[in-house]
Structures are given as structure tokens and as C-alpha cells.
Amino acid sequence: MTARDIQPPLAEPDVGTRDHTAGPASAKRRWWTLWAVSAAQLLVVLDGTIVNIALPSAQSALGMSDASRQWAITAYALAFGGLLLIGGRISGSLGHRRTFVIGLSGFAASSALGGAAVNPEMLFGARALQGAFAAALAPAGLSLLTTTFTEPRERGRAFGVFAAVGAAGSALGLVTGGLLTEYASWRWCLYINVPVALIAVLGTTFVPPDRPLRGDGRLDIPGALLSAAGFAAVAYAFNEAEPLGWDSPRVLSLMAAGVLLLAGFAVVEVRASRPLLPIRLLLHRARAGALLSITLMFVAMFGFYLFMSYYTQTVLDYSPVQAGLTLIINALAALLGSTFIAGKLHGRVAPAALILPGLIAAAVGMFILTRLTPQSTDVLPLHLVPALVLTGVGLGCVIPPTAGLATAGVTGHDIGAASAAYNASQQLGAALGTALLNTIAAGAAATYPASARNATSTAASVHGYTTALTVGFGILLVAACVTAPLIMTRTARGTRRRGQDERS
């Protein structure tokens, strides 16, 4: 097999499996697809943070131990990350719309089950079910967008809205979780998913039907088992690194097991006749660059969100609701970046012209926060607002073009696989960023009193936060330098020329 055999086409053909008829009715149905997929994306991202705020109340109500409470978060993350590639393959075999509806319905049912939990085990099981259905829902939704919006200008708007919802979801989760926990009950942090999911299901009745892909429908069982176990082991290692440290035997064992399982997965996929994740998808330079960019972006940004949550509440004495409302600035900036910048420029400029400035803007935003000291005054206008705006705009400029590059030029089962790989990159980046930067912050704070005279606990905390954010700043600069050669390819330039030709 030669390099030419494993390279996907440089052009971006019509990847749809549906009939794109012209006319106002068809256009209206396409936009219904966007709203349904955006609602589902909101659910998936929202549930990654909304339960964090409600966890103390849930622990008290259900009698969870301190050692077991993490499973309310971990069960969702492990099921979601571990089953994403399988969900992508199922989406292609059953049809993206059908998988999307099944995922939404299952997500709603498992959310209701979690809200009605009477003991910790019932809550943990419901959270795992949420993650499993999200693993089918997320790649099916991105696949629907990819196959529905093929005209460059419309695709830019669609991916812009999709990215805005994803970027804002984490911040909205913190705000919503705080409000519901404070004024209703922690159970409503799960019940709230039910009406949103049902509205999205109703919206899918307007989504044009797609056809399941032809083939024998066989699942790559060895690949499925290895990928699920490998991703779950790595994600669990990241989760355990936060309380135990990176040198813990448990963390090292989990990381080693995860790496070995994923290496075995790669070997199986190269030899499989119907691989779960065709290796040729990852060997495409622009796609590899997009996946690397979004992974590193999420590593830095989820460390940033962690800093914002702790700093505003422990140093500035904000309430959970006030801390969440502060992050709305970041959400609005992400909306601006994804819709009014990335969305409007899609097809007019190369993806690299959005991804690289986006990474640099986010890096500058983090650098501003590294200048914070315990004596800093006017923190909100002089530090937090500029940092929130720059990181939000940067994130909004990175998500749409990376999502487009990750799914460009793929057909058949590859659409679901590429969508799943993109979602898996985000999940692994978020898990690694939270664990890595929190460990760095805790370590820096612990050693600070030994190096500074009369150090207060507040000064140590701020030193820890700024140290972690300095690492986040460096990660974003490295991301810009490493991914630039990968995404500045003929694929990207060809996409731009094609968009210009279609408008002329």
C-alpha cells in the first residue's frame, strides 16, 4: 500500500447521502437541522459542567461518600469518551437522523432516571447511560450538519452557530447549575435535559431523511473493545491524576494500559477490512492538524475554566451564580467569534487564517491573567474581561474551521468516524486540561510558602493559578506552531478557491 492509496481526495465533494433539492422548503428544512443539532450539542456540553455545581447538594441528599462522589462526573465522561468511535460507526449503519433521534430519546430518559435517583448507584448508572447515548448523539449530529450544509456560505453559518453553542455550553452549564441548585433542586440539573431533548426530537421531524449506508453492517468488534477500553483508561487516568498526582502507581498503570490498548487498536484498524476508524483519516495532514488544534485548545481552555471558577469564588468571593455569570462574557465572545468572524469568513479564507489567529488570541487572553497578583485592583475590568473576551473570540474562531476540516472530503462510514474522532479529541483535551493544569496549580501553590516570606493562603492560590495559566499560554503557542504546517495544505487552499468559484 502506497502513500497515494491512503490519502483521501483533496477536493471536498458532496458528502451527503440525502437528496438536496432546491427551493425554500428545502432551505427551511436545512435550518431545522441546524437548530435540532445545536440543541443536542448544548445538551452534551452542558452536562459536562452543570452537574459539577449540583454535586455537593446531590452528595448530601443521597449520602455519597467523598471517595465515590466523583463517579457522578466520571461515569459520564468515561462512557462518552469510550464509546464515541462506536457511536460514529452506528450512526453510519443506522442512518444519521435515526441515530440522532435514538440518542436524544435515550439521553432524555437517562436524565429523568438520574433526576429521580434514590441512591448513589442509581445516579451513577444514569450518568453512564447519559454518556453512552451522548456518544451516539454527538457524532450523528455533526454528521447531519456535514451532509446537510454543503454550500460554503451556508456551511460557514451552520458551523458558526454549532460552534457558538458548543463554546457557550460550559459557561451556561455553570450558570444554570448554580441557579437550579440554589432556587429549585439539584435534581433539576438533570430534569432540565428532558424538555430540551424532546424539543430537539420534535425538530428532527423537519430534518430531511437520510439513508443508512449499504454494507453488511458488521461492527469491528476487536476495534470497538480496544478503543472503548483504551479511551476509558486514559480518561480515567486523567481524572485520577487530579487527586492522586501524576506519579501515583494507579495513574501510571492506567496510563500505560490506555496507551497499550490504543496502540493495539491502531494495529487492528490497519488490518481490519471494515475498520472502526480508518487510519487514512488520521494520515490526512489537514485533518490531523484540525484534530491536534482542537485537542490542545481544549487542554488550555478547560484549565482556564477551572481557574475562573476557583479564582472568582475563593479569591474574589463570588457566589457560584456570580462566577457563572462572569463566564457569560466568554460565551458571548465565543458567539461573536464563531458566527460573525469564522461563520462569515468560511470559504472566503483558508481555515488556517482563522485557526492560527484564534489560537494566538486565546493565548494572549491567558497571558493577561498571568499578570495577576494578590494585590491587583480593578480585576474585573482590567484582567478578567479582556481575558474572557480574547479567549472566547479565539475559541469561536477555532471550532468552526477545525470541525469543517475534520469532516471535509469524507464519504460513507467515514463521515461518522471523522465526526466521532473530532468529538473524542475534544473530550480527551478537556479531561487532560482539567487534570494537568489543576495539578500544576496545586503543586505551585503548595511550594510557594517555602519560597516567599509571610506568604498567605490567598497569595499561594494566586501563584498556583498564574503558574497553571502560564502553562496554558505555552500550550496554545505550541499548538499554533505545531499545527500551522499541517493545516496550511492544498486542501485548505482548494476549499477557499472552491468557495470563491461557487459565489461567482
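Owing to the predicted nature of the structure, the values given are computational and were not obtained by experimental measurement.

About the thresholds
- Residues numbered from 1 in each chain as written.
- Predicted model: local features only at pLDDT ≥ 70, side-chain atom pairs only at ≥ 80, totals over all residues.
- Heavy atoms only, no water.
- Helix = DSSP H or I, 4+ residues; strand = E, 2+ residues; numbered from the N terminus.
- Contact = heavy atoms within 4.5 Å.
- Areas by Shrake-Rupley, 256 points an atom, 1.4 Å probe, with all protein chains shown as cover.
- Buried < 20%, exposed > 50% of the residue type's maximum accessible area, 1.4 Å probe, protein only.
- Phe/Tyr/Trp six-rings, centres within 6.5 Å; stacked < 30°, edge-to-face > 60°.
- Patch = residues over 30% accessible without salt bridge, like charges linked within 9 Å, V, L, I, M, F, W, Y side chains within 5 Å.
- Salt bridge = Lys/Arg side-chain N within 4 Å of Asp/Glu carboxyl O.
- Lys, Arg positive; Asp, Glu negative; His and termini not counted.
- Charge placed at Lys NZ, Arg CZ, Asp CG, Glu CD.
- pLDDT = per-residue confidence, 0-100.

## A look at the overall build of the protein chain
Part 1 of the argument: Regarding its fold elements, the protein chain presents 19 helices and 0 strands.
Part 2 of the argument: By sequence separation, contacts in the protein chain at least 24 residues apart represent 84% of the contacts at least 6 residues apart.
Part 3 of the argument: Counting every atom, the protein chain has about 20100 Å² of accessible surface; 65% of that belongs to carbon and sulfur.

## As for the side chain of Glu240
Part 1 of the argument: Assignment of secondary structure puts Glu240 in helix 10 (residues 221-244).
Part 2 of the argument: Residue Glu240 is classed as buried on the basis of its relative accessible area, which comes to 2%.
Part 3 of the argument: Setting aside chain neighbours within four positions, we find Glu240 in contact with Gln70, Gly245, Arg250, Val251 and Leu254.

## A few points about the packing of aromatic side chains
Part 1 of the argument: Under the defined criterion, the tally for this structure stands at 12 aromatic pairs.
Part 2 of the argument: For the pair Trp71 and Tyr236, a centre-to-centre distance of 5.3 Å together with 40 degrees between the ring planes defines the contact as tilted. Of this pair, Trp71 sits in helix 4 (residues 71-94) while Tyr236 is found in helix 10, placing the two residues 165 residues apart along the sequence.
Part 3 of the argument: Residue classification places Trp71 among the partly exposed residues on the basis of a relative accessible area of 29%.
Part 4 of the argument: Of the residues examined, Tyr236 reaches a relative accessible area of 17% and is grouped as buried.
Part 5 of the argument: Centre to centre, the rings of Phe307 and Tyr465 are 5.3 Å apart; their planes meet at 75 degrees, and the pair counts as edge-to-face. Placement of Phe307 in helix 13 (residues 285-315) and of Tyr465 in helix 18 (residues 457-487) is noted, with a sequence separation of 158 residues between them.
Part 6 of the argument: Owing to a relative accessible area of 4%, Phe307 belongs among the buried residues under this scheme.
Part 7 of the argument: Taken together, Phe298, Phe302, Phe304 and Tyr305 form an aromatic cluster joined through their ring pairs.

## Details of a positive patch on the surface
Part 1 of the argument: Taken together, the side chains of Arg153, Arg157, Lys344 and Arg348 define a basic patch exposed on the protein surface.
Part 2 of the argument: Here Arg348 shows up in the loop between helix 14 (320-345) and helix 15 (352-369).

## Some remarks on the pattern of salt bridges
If charged atoms from side chains of opposite charge come close, those side chains can pair.
Part 1 of the argument: Summed over the entire model, instances satisfying the criterion amount to 3 salt bridges.
Part 2 of the argument: One salt bridge in this structure joins Arg127 and Asp47, with 2.8 Å as the shortest N-O distance. Placement of the pair is Arg127 in helix 6 (residues 120-148) and Asp47 in the loop between helix 2 (24-46) and helix 3 (50-62), with a sequence separation of 80 residues.
Part 3 of the argument: Residue Asp47 is classed as buried on the basis of its relative accessible area of 0%.
Part 4 of the argument: The partner of Glu240 in a salt bridge is Arg250, with the nearest N and O atoms 2.6 Å apart. Of this pair, Glu240 sits in helix 10 while Arg250 is found in helix 11 (residues 249-271), placing the two residues 10 residues apart along the sequence.

## Details of the confidence of the model for the protein chain
Part 1 of the argument: Residues of the protein chain with pLDDT of at least 70 account for 90%, and the chain-wide mean is 84.
Part 2 of the argument: Per-element confidence in the protein chain is highest for helix 15, whose mean pLDDT is 96, and lowest for helix 1 (residues 3-6), whose mean pLDDT is 36.
Part 3 of the argument: Within the model, the stretch residues 1-25 combines pLDDT values under 50 with 46 contacts to residues more than four positions away or in other chains.
Part 4 of the argument: Residue range residues 490-504 is modelled with pLDDT below 50. Its contacts to residues more than four positions away, or to other chains, number 25 contacts.

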